[in-house]
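The primary structure of each chain is shown beneath.
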Amino acid sequence: MLDDFMWRAALAGLGVGLAAAPLGCFVVWRRMAYFGDATAHAAILGVALALLWNISIFAGVIGIALLMAFCVSTLSGKGYAMDTLLGVMAHSALAIGLVAVSFVSGVRIDLHAYLFGDILAVGKSDLAIIWSGAVLVIGLMLWRWQALLTATLNEELAHASHINPRREQLVLTVALAIVVAVALKVVGALLIAALLIIPAATARPFSRTPEQMALLAALVAMAATTGGLGAAYTFDTPTGPTIVSLAAVFFVISALASQGWQRLTRQR
């Protein structure tokens, strides 16, 4: 089965969807959308440094993502507005990464694949990395679920429950770095944040509990990746953007259905 590139692509999409969905819920709840975007943009710098130093791209992307998170947390309390700081660091990291790539000699680099993804080129080793990262992220979320929810809801309540909000923030940061690294091959650096945010936002109107929202978001993400993969194959369109476009269609349907239901309940 794994000898068929479409099966490998489908399994890769399912793995990324499972990893991104629960994390995306926390990104939405904590209003960290811009942070996710900044981390994804920094992935290009991680790719460039990995190629320059001849190390694993996965390791390079995770290292840069964690470094960016550390820099943001260090500078955020020193007179810089968070959105401004993230904007500067995100675009700077992307630009520096693109410049650094030009210095890599002797290696053929497909920037389009890193920026927008190339899920059809996923190999068996890539599939192993994606699913290893997905299992690790899911394990982190299950392990720290209640603590993460408490820290997200109220920091004072977290302290009263002997939960360190900074530690939970670190858990989210590590999980986000892993998701960015494994999703880079599927949707690319410029679209990773969309795969984090859109499924969670789609599931939100129909969820009564955090667990229900995470489960619905996972279903939406998996439907978007597999459905987008099939649509891209059928209509010969770029795979990463097609996946995100289908996720956006799901969000529009969700928003319209939610508004229609609210109007119907008011009339009753």
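The structure reproduced in this document is the subject of the present report. Everything numeric in this text was worked out from a predicted model, so none of it was measured. (Residues numbered from 1 in each chain as written. Predicted model: local features only at pLDDT ≥ 70, side-chain atom pairs only at ≥ 80, totals over all residues. Heavy atoms only, no water.)

### Things to note about the layout of surface pockets
Over the atoms rolls a probe the size of a water molecule, and its path tells where empty space is left.
Working step 1: Roughly 380 Å³ of volume is contained in the second largest pocket.
Working step 2: Taken together, 17 residues form the lining of the second largest pocket, with Ile57, Tyr114, Asp126, Leu184 and Lys185 sitting closest to its centre.
Working step 3: Elements with a minimum of two residues in the lining of the second largest pocket: helix H3 (57-75), helix H5 (111-116), helix H6 (124-153) and helix H8 (165-187).
Working step 4: Ranked by residues supplied to the lining of the second largest pocket, first place goes to H8 with four residues.
Working step 5: Grouping the constituent residues of the lining of the second largest pocket by class yields 11 nonpolar, two polar and four charged. (1 Å grid on protein atoms, 1.4 Å probe; cavity = no way out; pocket = protein on both sides within 12 Å on 5 of 7 lines; lining within 4 Å. Points joined across faces, edges and corners; volume = space filled by probe spheres on them. Helix = DSSP H or I, 4+ residues; strand = E, 2+ residues; numbered from the N terminus. Nonpolar A, V, L, I, M, F, W, Y, C, P; charged D, E, K, R; others polar.)

### Describing the nonpolar core
Working step 1: By size, the foremost hydrophobic cluster in this structure holds 78 residues, and its most contacted members are Leu23, Ile119, Met141, Val186, Val187 and Ile192.
Working step 2: In terms of residue count, H8 provides more of this core than any other element does, 13 residues in total.
Working step 3: In this structure, Val186 is in contact with Ala12, Val16, Phe116, Gly117, Asp118, Ile119, Ile130, Gly240 and Ile243, ignoring residues within four places of it in sequence. (Core = buried A, V, L, I, M, F, W, Y, C linked by side-chain atoms within 4.5 Å. Buried < 20%, exposed > 50% of the residue type's maximum accessible area, 1.4 Å probe, protein only. Contact = heavy atoms within 4.5 Å.)

### A closer look at the environment of Leu148
Working step 1: Position of Leu148 relative to the elements: it lies in helix H6.
Working step 2: Looking at Leu148, the relative accessible area reads 0%, which means it is buried.
Working step 3: For the pair formed by Leu148 and Ala38, sequence separation is 110 residues and the distance between their alpha carbons is 21 Å.

### Section: the pattern of salt bridges
Working step 1: All chains considered together, the criterion is met by three salt bridges.
Working step 2: Where Glu168 meets Arg144, a salt bridge forms, and the shortest distance between an N and an O atom there is 2.6 Å. Here Glu168 is found in helix H8, whereas its partner Arg144 is found in helix H6, with 24 residues between them in sequence.
Working step 3: Its relative accessible area of 0% is what places Glu168 among the buried residues.
Working step 4: Under the relative-accessibility criterion, Arg144 is labelled buried at 14%. (Salt bridge = Lys/Arg side-chain N within 4 Å of Asp/Glu carboxyl O.)

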